[in-house]
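What follows is each chain in one-letter form.
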Amino acid sequence: MSFKVGGITVKYLFLLGTALSVATPALADEAANDSIAADGIVVTATRTETPVSEIGQSVSVVTREDIERTQAVTATDVLARLPGVTFTQSGGFGQPASVFIRGAENAQSLVLIDGVRINDPGDVGGGFDFGSLTVGQFDRIEVVRGSSGVLWGSRAIGGVVNLITARPTEQWTARGQAEYGWRDQKQLGASAAGKVGPVGLTLGGNWLKGDGYSAFDERLGGKEKDGFESKSANARAEVELVSGLSADAGTYWTKANYDYDNTGADALNVGMKRDTVGYANLRYKGLDGRLTARVGYGLTDTRRISDDAVFGPYTTNGRADRFEGQVSFSPIDMASILLGAETEKQKFSSDYAKDSTSIDSYFGMLTLRPVTGLTLNGGLRYDDNSDFGHKTTFSANGAWVIGGGESAPILRASYGEGFKAPSLYQLYTNGGFRALDPETSKSWDVGVEQPFAEGHGTFSVTYFDRKTKNLIDYDLAEWNYYNVGRARAKGVELGMQVSDWNGFDMSLSATYLDATNEDTGKQLARRPKTNLYASLDKHWSDGFRLGADLRVGGGRYDDVANTYYLGGNVVVGLRTAYDVTRNIQLYGRVENLFDEHYEVVRTYGTPGRAAYAGVRVKM
């Protein structure tokens, strides 16, 4: 596969490499990086704390250190750096943004904040709009690629994204950040964690405001800036009630106001989006850790207002209340079982409709470790929806660590099924209730991960294939929704991650994707066939840091008929930072260094060259 765009990829790869022109040292005889070992536990793939070496699915983990090193501001900044993930946005911050995992629709991937579903029940397809989500308050992001319906239920067709806030610490810690840059963009953020007596607390907040740029492409005549303001806050409390029994509760709240264009020209449109997540859990751990249990409640409440300045505001409200429980038991080291049950009720209301639906679910997962280094997982799920009836899904995956030591390769293979329940909007708008079936998927992948650089780095390659049917689409002639479509997405993902090897941090992700509508043979809209991201950072003992990144996005069709083609793009960024003291860091970056002009959504602009500078304080 080729990542050549306009014949200039080689030049930009050269610039990326020479931007950090230092002598590359030989591999040193050092111990494996402690941070990689510390980050070797993943929760989202199995719903329990599991070593990465025992997970058969393809997983990526982004840490707080990664977010700060790359100076990322939004969730799409972070996700676009991962294998198998692309996104589109109709303009700047606040404008609608869709994330595609292995070519799946935005509404076909499940999004969580602290394990609570954040997909909007009031959205047309029931998806989550990433357009106004900042990452200042998150300590960790886990992404599971592949259909994960057994453990996560509806929407987990393409995969699962879990954004995780900080947990309380034994001693009080705090951090703060202030940033200023292009078009009067300002950002302030702070968080603190610690204990008050027996109660662990985490508090955080973030504010982002800027003039923005015209969502309608400025090269096509857009002049009116579409500004934005975002506010968010999070809190968590946890306490051990008695030995082995603890309780925790938390919330995440965000509100964004923004201007937008939606008519192929400048427009005085304004919008607002407010998301609220709340949760409470009671947890038990006993039998020397072999038995764990949890019962919990989760709330998602979303409100959107769109005012096009002609017909007046249109308001939608979505709410989901979810009760769930799960038990994990390991009778022997070679086997463990996870059992769970969930019930959820969704409500949707707009200026013209008000409806609800519910779903009850039961799932189980069996894990076997028959020989050293081999882990096998198999699971089954049953869902009973009040509208479309019942659905059963199955999954199986395995991971095999071949040999021992820090350089042992890991073979992974997985098969998963998924489904997406029709959204309330699709079921009840446009002429009353519509008896729709759920969208369903069957996917499999196989890959290998090879550690290198004495435990500081990993390289992986994965082949994937997913078939989806019963796709819900809108019929313009009938003015209603129908199950009409079939799609297939297959391809190859490459990933490389190096952490703190002789002062270097390196990252590479490359994806080849063939995503087609099997009924028409056309490419799925807005999915590039090729996508590449590479970054290189160097830090010195005196506290100075220098980094660069390269993004090469392939061309894509903007519509389902494959009529409008948008060319590829090459975007280069530079960044630097300096540790003034152990607790204070100054930093700055230049995005889109060569002022590349491109579109990922037809007639909508993307940011040109921009510079930002800021300060971080940690205590």
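Residue numbers here run from 1 along each chain, matching the order of that chain's written sequence. pLDDT decides what is reported in this predicted model: residues at 70 or higher carry local features, side-chain atom pairs at 80 or more are listed and counted, and totals for whole chains, interfaces and linings draw on all residues regardless. Side-chain measures were taken over the full set of non-hydrogen atoms in the model, leaving aside hydrogen atoms and water.

Before going further, it helps to spend a moment on a nonpolar patch on the surface. Within this analysis, patches are made of residues with over 30% relative accessible area and no salt bridge. Like charges are joined at 9 Å or less; nonpolar side chains (Val, Leu, Ile, Met, Phe, Trp, Tyr) at 5 Å or less. Using a 1.4 Å probe, accessible areas were evaluated by the Shrake-Rupley method; residue-level cover was limited to the displayed protein chains. Within this document, salt bridges are pairs made up of a side-chain nitrogen of Lys or Arg and a carboxyl oxygen of Asp or Glu, the two lying within 4 Å of each other. There is a patch of nonpolar side chains on the surface, built from Trp540, Phe544, Tyr578, Val580, Ile584, Leu586, Val617 and Met619 and spanning about 700 Å² of accessible area. The numbering of helices and of strands both runs from the N terminus, where a helix is a DSSP run of H or I of at least 4 residues and a strand a run of E of at least 2. Within the secondary structure, Leu586 is located in strand 32 (residues 584-591).

A few words now on the environment of Gln57. In this structure, Gln57 sits in the loop between strand 2 (50-51) and strand 3 (58-63). Through-space distance from the C-alpha of Gln57 to that of Ile472 is 27 Å; in sequence the pair is 415 residues apart. When checking whether two residues touch, look at their non-hydrogen atoms; a contact exists if any pair is within 4.5 Å. Aside from chain neighbours lying at most four places away, what touches Gln57 is Ala45, Val144, Arg145, Gly146, Ser147, Ser148, Asn397, Arg412 and Ser414. As used in this structure description, the phrase polar contact means that two N or O atoms lie within 3.5 Å; if the pair is within protein, one of them must be able to donate a hydrogen and the other to accept it, and residues adjacent in sequence are counted only when both atoms belong to side chains. Within the local environment of Gln57, its side chain forms a polar contact with the side chain of Ser148, the two groups lying 3.2 Å apart.

Turning our eyes to something else, we now look at the pattern of salt bridges. Within the structure shown, the criterion is met by 45 salt bridges. The salt bridge partner of Asp184 is Lys186, with a shortest N-O separation of 2.9 Å. For the exposure calls, accessible area comes from a 1.4 Å probe over protein chains only, and a residue counts as buried if that area is under 20% of its type's maximum, exposed if over 50%, partly exposed in between. According to the relative accessible area criterion, Lys186 is partly exposed, its value standing at 23%. Where Glu518 meets Arg486, a salt bridge forms, and the shortest distance between an N and an O atom there is 3.7 Å. Of this pair, Glu518 sits in the loop between strand 26 (504-517) and strand 27 (530-539) while Arg486 is found in strand 25 (residues 480-501), placing the two residues 32 residues apart along the sequence.

The next thing to look at is the sheet that holds strand 6 (residues 109-113). Two strands qualify as a pair provided that DSSP identifies no fewer than 2 bridges between them. The five strands are arranged 3-8-9-6-7 in an open sheet whose pairing can be described as mixed. Here the strands that pair on one side only, and so sit at the sheet edges, are strand 3 and strand 7 (116-117). Where strand 6 and strand 7 come together, two bridges link them in antiparallel fashion. Across the sheet, the residue bridging to Leu112 is Arg117, located in strand 7.

This next bit is on the packing of aromatic side chains. Ring pairs (aromatic) are described by centroid distance and by the angle formed between their planes. Stacked, tilted and edge-to-face are the three classes assigned to paired rings of Phe, Tyr and Trp, where Trp is represented by its six-membered ring and a pair needs centres within 6.5 Å; plane angles under 30 degrees give stacked, over 60 edge-to-face, the rest tilted. On inspection of all chains with the given rule, the structure shows 16 aromatic pairs. Ring geometry for Phe93 against Phe228: centres 4.9 Å apart, planes inclined by 50°, an arrangement best described as tilted. On the criterion of sequence distance, the pair formed by Phe93 in the loop between strand 4 (85-89) and strand 5 (97-101) and Phe228 in strand 13 (residues 226-242) is long-range, its members being 135 residues apart. Taking the relative accessible area as the measure of exposure, Phe228 reaches 8% and is therefore buried. Where Tyr258 meets Tyr260, the ring centres are 6.3 Å apart and the plane angle is 55°; that geometry is what we call tilted. Among the aromatic residues, those joined into a ring-pair cluster are Phe348, Tyr425, Tyr474 and Tyr481. Taking NZ or CZ as reference, Arg47 lies 4.6 Å from the ring centre of Trp152, over its face. Here, a charge over a ring is recorded when the distance from Lys NZ or Arg CZ to the ring centre is within 6 Å and its angle to the ring normal is within 35 degrees. Stacked on the ring of Tyr564, the Lys or Arg Arg602 has its end atom at 3.7 Å from the ring centre.

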